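Secondary and tertiary structure notes
Here's the letter readout for the chains.
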Amino acid sequence: MSAARGSLLGIESLEAAEILKILKFARRMNPNKPRPLLKGKRIFLLFYEPSTRTRSSFEIAAKSLGAQTVLVQTMGSSIEKGESLLDTGYTLRAVGADVIVIRHPNSGAPYVMAQHIDIPVINAGDGLHEHPSQALLDAYTILSNKRRIQGLQIAIIGDIFHSRVARSACHLLTKLGAKVILCGPPELVPDVAATLAPTIRVTRHLEDALRGADVVMLLRVQKERLAGLRIDLSEYIARYQMTPARLKTAKKDAILMHPGPIIRGLELTGEIADGPQSRILEEVHNGVQTRMAILARAVGKMR
Ligand code: CP
């Protein structure tokens, strides 16, 4: 079975035109002016990993469009008893799910679900693979601030190797014509990352990444995934932590982004997180209307 129409499994397989269509529709969405596009629908939020932003904004998005939502998490569900991914999917379908939004630690889990369940599946982050709704809300935020993505220079700094956010962002931003520079130590930014798209470049030097940047996107150093890698966090901070002085190397009107959760004192200072160039909370805010568009698309109402 191929994925049901309306599924959103990744950015890699989306055409630029479809990305722009979702972003355009998201501009028309407003959680404070509810529209019943999902009236009578049941949206299941199936989260095998922790989440604050993605889970809550999908829930608000679904409810703003008139849907019912059901949250299923590992703890407290039959997943704890050993139920398989597909058996859980079949169960949610039998209960009456119209859409499944899934976050899973294994790369590809949403694809497996979508191949076996005949309803739209939305990837809310799978392992080290993709986080398409995050990339879309980040593109929405860049467009809101810069009016374009084509030709922008975007520096992505941090733990790119373990980041599904980075992978989806690289696909999306290069499809829409941005120049992307990835920056960090080789353990977190392997040279092979440059092969994600032809216009991606890798650098080890923060200044090199920041010079001329229109957008600076920081990524969390995922301490929980660093076992076995020789990363000295104090050296990372010394070379890559974003500070007000370092941000001055980017364009004067550069915006600072981070998908969250942020770790103050590691990838950025508190001054940067709360500073005038920070768009971190704007990204979170934009997540709701972007996810409203994603859910409307899932049920065929993105017109
Ligand atoms: N950016 C993001 O995915 O955050 P959560 O893990 O809180 O959902």
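As shown above, the structure is provided for reference.
Here's what I pulled together on the structure shown here. (Residues numbered from 1 in each chain as written. Predicted model: local features only at pLDDT ≥ 70, side-chain atom pairs only at ≥ 80, totals over all residues. Heavy atoms only, no water.)

What to know about helix H5 (residues 132-146)
- Relative to the 21 Å expected for 15 residues at 1.5 Å per residue, H5 spans 21 Å between its end C-alpha atoms, a close match to the ideal helical length.
- Judged by how many residues are buried, H5 sits mostly within the fold: 12 of 15 residues are covered.
- Looking at H5, one finds that the buried residues are Pro 132, Ser 133, Gln 134, Ala 135, Leu 136, Leu 137, Asp 138, Ala 139, Tyr 140, Thr 141, Ile 142 and Lys 146.
- A positive backbone phi angle near 70° is found at Arg 147, which sits one or two residues after H5. (Helix = DSSP H or I, 4+ residues; strand = E, 2+ residues; numbered from the N terminus. Expected span 1.5 Å × (residues − 1). Buried < 20%, exposed > 50% of the residue type's maximum accessible area, 1.4 Å probe, protein only.)

Observations regarding the sheet that holds strand S8 (residues 215-218)
- If you walk across this open sheet you meet the five strands as S7-S6-S5-S8-S9, and the pairing is parallel. The sheet is open, and its two edges are formed by strand S7 (200-203) and strand S9 (255-257), each paired on a single side. The mean inter-strand angle of the sheet, taken between neighbouring strand axes irrespective of direction, is 20°.
- Strand direction decides the pairing type here: strand S6 (residues 179-183) and S7, joined by four bridges, are parallel. Within the sheet, the bridge partner assigned to Ile 181 lies in S7 and is Arg 201. (Pairing = 2+ DSSP bridges. Axes fitted to C-alpha atoms, helices over the stretch in contact; angles between N-to-C directions.)

With respect to the packing of helix H3 (residues 85-95) against helix H4 (residues 109-116)
- Orientation of H3 relative to H4, taken along the N-to-C sense of each, is 50°, at an axis distance of 10 Å. The orientation of H3 with respect to H4, classified from their angle, is oblique. The element H3 and its partner H4 pack so that their crossing is right-handed. In this structure, H3 contributes Leu 85, Leu 86, Gly 89 and Tyr 90 to the contact, and H4 contributes Ala 109, Val 112, Met 113 and His 116.
- A class-by-class count of the residues in the contact of H3 with H4 yields six nonpolar, two polar and no charged. (Parallel < 35°, antiparallel > 145°, perpendicular 65-115°, else oblique. Left-handed = near helix turned anticlockwise from the far one by under 90°. Contact = heavy atoms within 4.5 Å. Nonpolar A, V, L, I, M, F, W, Y, C, P; charged D, E, K, R; others polar.)

Remarks on the site of the ligand
- Around the ligand, the surrounding shell consists of Ser 51, Thr 52, Arg 53, Thr 54, Arg 103, His 131, Gln 134, Pro 259 and Gly 260.
- At 2.9 Å from an oxygen atom of the ligand is found a side-chain nitrogen or oxygen belonging to His 131.
- Taking Pro 259, its main chain carries an N or O atom lying 2.9 Å from a nitrogen atom of the ligand.
- Considered on its own, the ligand offers 250 Å² of accessible surface; in the complex 91% of this is hidden by protein.
- Broken down by class, the residue content of the shell around the ligand amounts to one nonpolar, six polar and two charged.
- No fewer than three residues from each of domain 1 (16-130 + 284-298) and domain 2 (133-281) sit in the shell around the ligand. (Near = heavy atom within 4 Å. Polar contact = N/O pair within 3.5 Å; in protein donor to acceptor, adjacent residues only side chain to side chain. Areas by Shrake-Rupley, 256 points an atom, 1.4 Å probe, with all protein chains shown as cover. Domains from an automatic or database assignment.)

Details of the nonpolar core
- Among the nonpolar cores identified, the biggest contains 87 residues, and Ile 156, Met 242 and Leu 295 are the most heavily contacted of them.
- Excluding residues within four positions of it along the chain, Met 242 makes contact with Ile 157, Leu 206, Leu 210, Val 216, Leu 218, Leu 247, Leu 256, Glu 267, Leu 268, Thr 269 and Ile 272.
- Core analysis: the second largest hydrophobic core is formed by 17 residues, Leu 9, Ile 100, Ile 102 and Ile 119 among them. (Core = buried A, V, L, I, M, F, W, Y, C linked by side-chain atoms within 4.5 Å.)

Regarding helix H6 (residues 164-175)
- Helix length check: H6, at 12 residues, gives a terminal C-alpha distance of 17 Å against a target of 16 Å (1.5 Å per residue), a fit within 8%.
- Judged by how many residues are buried, H6 sits mostly within the fold: 10 of 12 residues are covered.
- Considered for burial, the residues of H6 that qualify are Arg 164, Val 165, Ala 166, Ser 168, Ala 169, Cys 170, His 171, Leu 172, Leu 173 and Thr 174.
- Where H6 begins, the capping side chain belongs to Ser 163, and its oxygen is found 3.3 Å from the backbone nitrogen of Val 165.

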